[in-house]
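Observations on the model geometry
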Amino acid sequence: MTIAKTARAATFGVAAVAASFTFSATAQAAGHGIDLSGQTVEFVIPFSESGGSAKWANFYAPLLSEALPGQPTVVVKYMPGAGSTKGANWFQDQDYADSEGTLIFGSSGSTQFPYLLGDPRVKYEYSDWNVVLASGTGGVAYLPPDLAEKMDGMDATGLQDTNFIWGSQGATRLDLVPLLAWKMLGMNVEPVFGIEGRGDGRLMFERGEANIDYQTSSSYLKGVTPLVESGQAVPMMSWGALDDDGNIVRDPTFPDMPSFKEVCEATPACSTEGDAWNAWKAFFIAGFPAQKMVFLPKGASNDAIVTYTKAFQDVLNRDDFAERSAAVLGDYPQMTGDAAQNTLEQGTKVPAEAKAYVTNWLEEAYGVSLN
């Protein structure tokens, strides 16, 4: 295991965050499981350290360290590239026998979408991996104050004569949700593809290199809220959330902010019926309620899966979890066990009609061929 871990560490030339806390008696009392005493668990994120996935992973790292048997150090490591495909392809090549419980991987909607669309660069297979946590999230689009003033309440028609520049990770990533939403509103948004994480898009906005942006909820809460408070940004809309009947409603983390559905209904150019809406909703569901997941590599033992599932469940059961989570991640479901498995299935399947619509749109709008 030492040789494998040394080779693994050499792959990363980037910052890491470590956390170690007192091990909980509850986790120690687990039945069958693995003991990670004296070990270092590498929590690999296929993005840069500035985005929502980094904030999510660094929120969980110290809590997971406390809950796992043996109080291992949990180190968050970053492997950005190709909108997360580089890191996911790397993880596909890892085998549990080489790490024995000391490697976990955090995916995002930007990892799921290329898989869903059949991107030829994808070499990974979700069914080979073992999910131990699933996290829902939301997202918020925002504007500079002068452009936000062009909206008439929730009607975005006044934005249709503006040429927008936006930093994007890629057309086949999670970014297709905002790109399609803005298209449906009749907006002219020119993406600059190739940023390594959504945090880089926020930095473009801050430097004046972009005049529109969106962030997932954790990144918005930490990175954009200060911009709103200082008058540098104005929220345009959230993507919304799903209610128990599958309807899109306001995001509970941002209850005073209109959802995209409301803005679409208020904008004559947009419709909440038809092929575009059905495709947008399908990819929203795949990308946000099932947004981030933690996996053990292929070949993981049942003992390892039980250990990590129980550790994450112990984290979720903490008396202070809801308060701490709301402040960093927002108010979204965090799931283990069967619920996590169901979320994985939801996040890695879309209707054929939605896939066909998006595939055709990507080729027509951006010259992206997935054949």
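Let me begin by describing the structure that accompanies this report. (Residues numbered from 1 in each chain as written. Predicted model: local features only at pLDDT ≥ 70, side-chain atom pairs only at ≥ 80, totals over all residues. Heavy atoms only, no water.)

Attention now moves to the nonpolar core. Counting residues in each nonpolar core, the largest one holds 49 residues, and the members touching the most others are Trp 182, Met 236, Trp 239, Phe 260, Trp 280 and Phe 283. Counting residues per element, this core draws most heavily on helix H12 (residues 275-287), at 8 residues. Within the second largest apolar cluster, 34 residues are counted, among which are Phe 43, Trp 56, Val 74 and Ala 304. (Core = buried A, V, L, I, M, F, W, Y, C linked by side-chain atoms within 4.5 Å. Buried < 20%, exposed > 50% of the residue type's maximum accessible area, 1.4 Å probe, protein only. Helix = DSSP H or I, 4+ residues; strand = E, 2+ residues; numbered from the N terminus.)

With that settled, consider the pattern of salt bridges. Under the criterion given, the structure shown has 13 salt bridges. Close ionic contact of Arg 318 with Asp 320 constitutes a salt bridge, the shortest N to O distance being 2.9 Å. Assessed through its relative accessible area of 23%, Arg 318 is described here as partly exposed. When salt bridges with common partners are traced through the structure, they connect Glu 66, Arg 318, Asp 320 and Arg 324 into a single cluster. (Salt bridge = Lys/Arg side-chain N within 4 Å of Asp/Glu carboxyl O.)

Running from N to C, H12 and helix H16 (residues 352-366) cross one another at 105°; their axes reach a closest spacing of 9 Å. As far as their axial angle goes, H16 and H12 are roughly perpendicular. Taking contact as the criterion, the partners of Asp 275, Ala 276, Ala 279, Ala 282 and Phe 283 in H12 are, on H16, Ala 354, Lys 355, Tyr 357 and Val 358. Across the contact of H12 with H16, the residue classes tally to 7 nonpolar, no polar and 2 charged. (Axes fitted to C-alpha atoms, helices over the stretch in contact; angles between N-to-C directions. Parallel < 35°, antiparallel > 145°, perpendicular 65-115°, else oblique. Contact = heavy atoms within 4.5 Å. Nonpolar A, V, L, I, M, F, W, Y, C, P; charged D, E, K, R; others polar.)

What follows concerns the state of the cysteines. Going through the model one piece at a time under the given rule, you end up with 1 disulfide. Disulfide pairing places Cys 264 opposite Cys 270 at an S-S distance of 2.0 Å. The disulfide joining Cys 264 to Cys 270 has a torsion of about -95° about its S-S bond and is therefore left-handed. (Disulfide = S-S within 2.5 Å.)

What follows deals with the packing of aromatic side chains. Following the criterion strictly, the structure yields 32 aromatic pairs and no others. Ring centres of Phe 113 and Phe 283 lie 5.2 Å apart, and the angle between their planes is 85°; this geometry places the pair in the edge-to-face category. With a gap of 170 residues between them, Phe 113 in helix H6 (residues 109-117) and Phe 283 in helix H12 connect regions that are remote in the sequence. Phe 283 carries the same exposure label as Phe 113, and that label is buried. Their ring planes at 15° and their centres at 6.3 Å tell us that Tyr 115 and Tyr 124 sit as a pair that is stacked. Here the aromatic cluster, defined as three or more aromatic residues joined through ring pairs, consists of Trp 166, Trp 182, Tyr 214, Trp 239, Phe 260, Trp 277, Trp 280, Phe 284 and Phe 288. (Phe/Tyr/Trp six-rings, centres within 6.5 Å; stacked < 30°, edge-to-face > 60°.)

Honestly, that's just the spatial picture; any functional story needs more than this.
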